[in-house]
Amino acid sequence: MPKLDIERPLGNYSSNPLLSPLWETAHRIPTDTALRFINGLGEGDVTEWTWTQFLAGIHAAIQALRDAHITPGDRVLMLLSASPEYLLTFWALIGLGAQPVSVPLTPEAPLAPGATTLRHIACDCNATAIVTTPTKSAELSQLAADDAQLKHLAHLIPSYPHTQFANVTDVTDLPDTLDGFGLAPVNYDSPVYIQYSSGSTGAPKGVVNHYGCILNQVNVMVDVWASDTNPNSICWLPLHHD
């Protein structure tokens, strides 16, 4: 696995240093499996995408979030179950220069018991929107009726055209260059995302992760892996886990 460029530039990176490897991988091994979600034990409970399809999904999510008026610098709460939509939204927000903020609450559980945590995080990071499900959006609307700290949040329900990018089989179906994704300019010190602790010992505490930090972490993982082959990893933790 190649390392990522961590040198501090005088200005902005020529392209997003986290999305560029996805672009390069999609052009190098376009039909290899990028991710596989196992949602149950049934035959139709597996979602699998190639690198080309994954990149096409990120492109579709970027367009949808831009149409929803998400702009660089926005901090957007993420309250979604582990799903392809979660990953597409997370990467698309990064591409737009907005910061995804993973909320340490169980998306499948009733929202009311976690309202204090949600309120604290929304206020602490000055969030402008929340990406969630229709059910959670309805619950949040009830909670926010008399709550100024939650009422201002725009509700975004991810509904990306799965059938459209699931049928993408070749990189020629993508924009000609990564610049065609309309990515925001970033540099070494630009924030990537905000990670909050669970709050089990007090109010959740947020950490702003910058590009320099993430690039260094990835390179440490490359050193530990110490192989020219691409690793296959398994994750069973919630995607919001710190």
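Shown above is the structure to which this text applies.
Please read all numbers here as calculations on a predicted model, not as lab measurements.

What counts and how
Residues numbered from 1 in each chain as written. Predicted model: local features only at pLDDT ≥ 70, side-chain atom pairs only at ≥ 80, totals over all residues. Heavy atoms only, no water. Axes fitted to C-alpha atoms, helices over the stretch in contact; angles between N-to-C directions. Helix = DSSP H or I, 4+ residues; strand = E, 2+ residues; numbered from the N terminus. Left-handed = near helix turned anticlockwise from the far one by under 90°. Contact = heavy atoms within 4.5 Å. Nonpolar A, V, L, I, M, F, W, Y, C, P; charged D, E, K, R; others polar. Phe/Tyr/Trp six-rings, centres within 6.5 Å; stacked < 30°, edge-to-face > 60°. Buried < 20%, exposed > 50% of the residue type's maximum accessible area, 1.4 Å probe, protein only. Arc of directions from axis to C-beta.

A. Seen up close, the packing of helix H2 (residues 51–67) against helix H3 (residues 84–96). Here H2 crosses H3 at 65°, and the two axes come no closer than 8 Å. Of the two elements, H2 crosses H3, and the hand of that crossing is right-handed. Two secondary-structure elements touch here, H2 through Phe54, Gly57, Ile58, Ala61, Ile62, Leu65 and Arg66 and H3 through Leu87, Leu88, Thr89, Trp91, Ala92, Leu93 and Leu96. Grouping the constituent residues of the contact of H2 with H3 by class yields 11 nonpolar, two polar and one charged.

B. Just the packing of aromatic side chains, in detail. Applying the stated criterion across every chain yields a total of four aromatic pairs. An aromatic cluster is present here, built from Tyr86, Phe90 and Tyr193 joined pairwise through their rings.

C. Looking closely at helix H5 (residues 134–144). Listed in full, the buried residues belonging to H5 are Lys136, Ser137, Leu140 and Ala144. The arc that holds the buried residues of H5, viewed along the axis, is 100°, so those residues lie on one side. Among the exposed residues of H5, those pointing more than 90 degrees away from its buried face are Pro134, Thr135 and Gln142. Where H5 is buried, its residues contact strand S3 (75–79), helix H4 (115–124), strand S5 (129–132), helix H6 (148–151) and strand S6 (154–156).

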